[in-house]
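Breakdown of the fold
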Amino acid sequence: MADSFRRSVAAASLVAWPVLLFLAFLTSPPGTTHDPDIFLAHQTKVEVSGVLFHWATLAMIPAMLGLAGLLRQRAPRLANAGAALGLIGAASAGTLFMADFYDLALARTIPADQAIKVTAVAADLPGVVYGMVFPAFLSHLGALILVIGLAATRIAPWWLPVAVIAGIVVPFLTVEQPPAVQSTGALLQLVAYGWAALRTLRLPLRTPTPAHG
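About the cut-offs
- Residues numbered from 1 in each chain as written.
- Predicted model: local features only at pLDDT ≥ 70, side-chain atom pairs only at ≥ 80, totals over all residues.
- Heavy atoms only, no water.
- Helix = DSSP H or I, 4+ residues; strand = E, 2+ residues; numbered from the N terminus.
- Phe/Tyr/Trp six-rings, centres within 6.5 Å; stacked < 30°, edge-to-face > 60°.
- Buried < 20%, exposed > 50% of the residue type's maximum accessible area, 1.4 Å probe, protein only.
- 1 Å grid on protein atoms, 1.4 Å probe; cavity = no way out; pocket = protein on both sides within 12 Å on 5 of 7 lines; lining within 4 Å.
- Points joined across faces, edges and corners; volume = space filled by probe spheres on them.
- Nonpolar A, V, L, I, M, F, W, Y, C, P; charged D, E, K, R; others polar.
- Contact = heavy atoms within 4.5 Å.

Notes on the environment of F134
Structurally, F134 is set in helix α7 (residues 126-136). Here the alpha-carbon distance between F134 and L67, two residues 67 residues apart in the chain, equals 23 Å.

Next up, the structure:
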């Protein structure tokens, strides 16, 4: 029962992660900065996308464990390393999206030039840069270790890491494009992680070890 539940949660998270990410990008306000005027003009989008990004990051945690579970039998050390980096990255990324709500509150309460200065100062604080932003990128590294490991051990097809890499890169390459364009990266990841979800559901259940009296 417990093994079946964990497997179901991992599979559901592997699908929820890119779906929520797609919706988060799709509902994001236009622009590449937290411009107070843009935030004021798109207040609902700021809040909706911020919540969706947050929950996408939460879904990443059991999804990472699911990927590691697929890899653990053939490459346990690689599975553990990828999962560890991915979990650290996901936990760090989860702290970043509160900035959207604080920047929206600043835009509502103080002049735009002051709001821009406060946001710039906060973004340059060493604790933010080195304690939250840089570690958040470990989520990408952990995911890449896991999916490349799955392909290298022939558990997954060769296109799986290609789709994940493309899905990660697309939002960075299209940062100046409308949110709908950026969101296509998440669809590529959905193809890859959807395959991993199906593979996770098809894993054989572990037989409980009988207790010895």
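Remarks on the packing of aromatic side chains
Geometry of an aromatic ring pair is reported as the spacing of the ring centres plus the angle between the planes. Tallying each qualifying case throughout the model produces five aromatic pairs. Ring geometry for F25 against F53: centres 5.2 Å apart, planes inclined by 85 degrees, an arrangement best described as edge-to-face. With F25 in helix α1 (residues 2-26) and F53 in helix α3 (residues 43-71), the pair connects residues that are 28 residues apart, well separated along the chain. Classification of F25 by relative accessible area gives buried; the value is 14%. Since its relative accessible area comes to 12%, F53 is described here as buried.

Things to note about the layout of surface pockets
In this model, the largest pocket occupies a volume close to 1,700 Å³. Looking at the largest pocket, it is lined by 50 residues, and the ones nearest its centre are H34, F53, L96, F97 and D100. Looking at the lining of the largest pocket element by element, the count peaks at six residues for helix α5 (residues 98-109). Among the residues making up the lining of the largest pocket, the classes are represented as 33 nonpolar, 15 polar and two charged. A volume near 740 Å³ is recorded for the second largest pocket.

Topic: unusual backbone geometry
Of note in this structure, R154 is not a glycine but carries a positive phi near 65 degrees. Inspection of the secondary structure puts R154 in the loop between α8 (138-152) and α9 (159-173).

Section: the environment of L138
Mapped onto the elements of the fold, L138 is located in helix α8. For the pair L138 and A93, spaced 45 residues apart in sequence, the C-alpha separation works out to 9.1 Å. Contact partners of L138, with chain neighbours within four places excluded, come to L85, G86, I88 and G89.

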